[in-house]
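# Observations on chain architecture
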Amino acid sequence: RKERGVTFLNPDFAAQGHMNAMIKTGQQLGKSREECMAAADAAMRALKASDEEQSARAQKLIKGLKHGEKAIVMVSRNYCISDPVLNMGIPEMLREKGYKVINAYQLPVNEVDPGSGYSDMHWSFGRHILAAAKIVAHHPDLYAVFLTNHGCGPDTMLVHLFRQVMGD
């Protein structure tokens, strides 16, 4: 690729941390450290605003459910829910059938303790999935569709824990 004039950018988020990796990548693209930091700050503010807007929309949808009306909560890791290949088009299929569909990350999963016995869950995706299960399990009109990538070791354990939290 160098012989063709192509440079591969390969930020190492694990080793460098997100901010440093983004700054280094921006600098490789010819931007100053200050420009990179300003862009990262603007991106984080936009992401926060988008998350808040989506959460408000989901809460409005939940509050607006008529008695007995169902809403489906797609539960998985956020990138699985967002990617149409990984979610296999399930959210769209459910919407076509007339269901209201909510992304688990639109629920207040960061504010909910998944419950006793799960306090040592160090994996943030796992905590969010279990918190979403708890929210759904305690709401009469919410139903979960849990998308799993079963080949992923932690997901194998999460299926069992998800069932425990959901109960009957």
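Preceding this section is the structure that the text describes.
Here goes a summary of the coordinates provided.

What counts, and where the lines are drawn
The written sequence of each chain sets the order in which its residues are numbered from 1. Local features in this predicted model are restricted to residues of pLDDT 70 or higher, and side-chain atom pairs are both shown and tallied only at a pLDDT of 80 or more, whereas totals for entire chains, interfaces and linings draw on every residue. Based on all heavy atoms of the structure, the side-chain values leave hydrogens and waters out of the count. In this description a helix means any DSSP run of H or I spanning at least four residues, a strand means any run of E spanning at least two, and both kinds are numbered starting from the N terminus. Atoms counted for the radius of gyration: C-alpha only. Globule rule: 2.2 Å times residue count to the power 0.38. Helices are assigned an expected span. That span is 1.5 Å times one less than the residue count. To sort residues, take the accessible area from a 1.4 Å probe on protein chains only and compare it with the maximum for the residue type: under 20% means buried, over 50% means exposed, and anything in between is partly exposed. By nonpolar core is meant a set of buried Ala, Val, Leu, Ile, Met, Phe, Trp, Tyr and Cys residues that side-chain atoms within 4.5 Å join together. Residue contacts are defined here by distance: any two heavy atoms, one from each residue, within 4.5 Å place the two residues in contact. Throughout this description, a polar contact denotes any pair of N or O atoms lying within 3.5 Å of each other; where both atoms belong to protein, one of them has to be capable of donating a hydrogen while the other can accept it, and for residues adjacent in sequence the pair is counted only when both atoms sit in side chains.

What follows deals with the overall build of the protein. Per the secondary structure count, the protein includes seven helices and three strands. Secondary structure elements of the protein, listed N to C terminal, follow the sequence α-α-α-β-α-α-β-α-β-α. Relative to the compact-globule value of 15 Å for 168 residues, the protein shows a C-alpha radius of gyration of 19 Å, a clear excess of over 25%. Dimensions of the protein, computed from C-alpha atoms along their principal axes, come out at roughly 60 × 35 × 30 Å.

With that out of the way, let us pick up helix α3 (residues 33-63). Relative to the 45 Å expected for 31 residues at 1.5 Å per residue, α3 spans 45 Å between its end C-alpha atoms, a close match to the ideal helical length. For α3, the full list of buried residues reads Cys36, Ala40, Ala58 and Ile62.

Looking now at the nonpolar core. Counting residues in hydrophobic clusters, the biggest one holds 32 residues, and the most contacted among them are Val73, Val75, Ile102 and Leu142. Elements supplying a minimum of two residues to this core: α3, β1 (71-75), β2 (100-103), α6 (124-137), β3 (142-146) and α7 (153-166). Residue contributions to this core peak at seven residues, all from α6. Excluding residues within four positions of it along the chain, Ile102 makes contact with Ala58, Leu61, Ile62, Ala71, Ile72, Val73, Met74, Leu107 and Leu142.

Here we take up α6. With 14 residues, α6 ought to run about 20 Å at 1.5 Å a step, and its terminal C-alpha atoms sit 20 Å apart, in line with that. Every buried residue belonging to α6 is among Gly126, His128, Ile129, Leu130, Ala131, Ala132, Ala133, Ile135 and Val136, and all of these are buried.

Along the polypeptide, Ser76 turns up in the loop between β1 and α4 (78-82). Classification of Ser76 as buried rests on a relative accessible area of 1%. At 2.8 Å, the side chain of Ser76 and the backbone oxygen of Leu147 are in polar contact. For Ser76, the residues in contact, after removing those within four places along its chain, are Ile81, Tyr105, Ile129 and Leu147.

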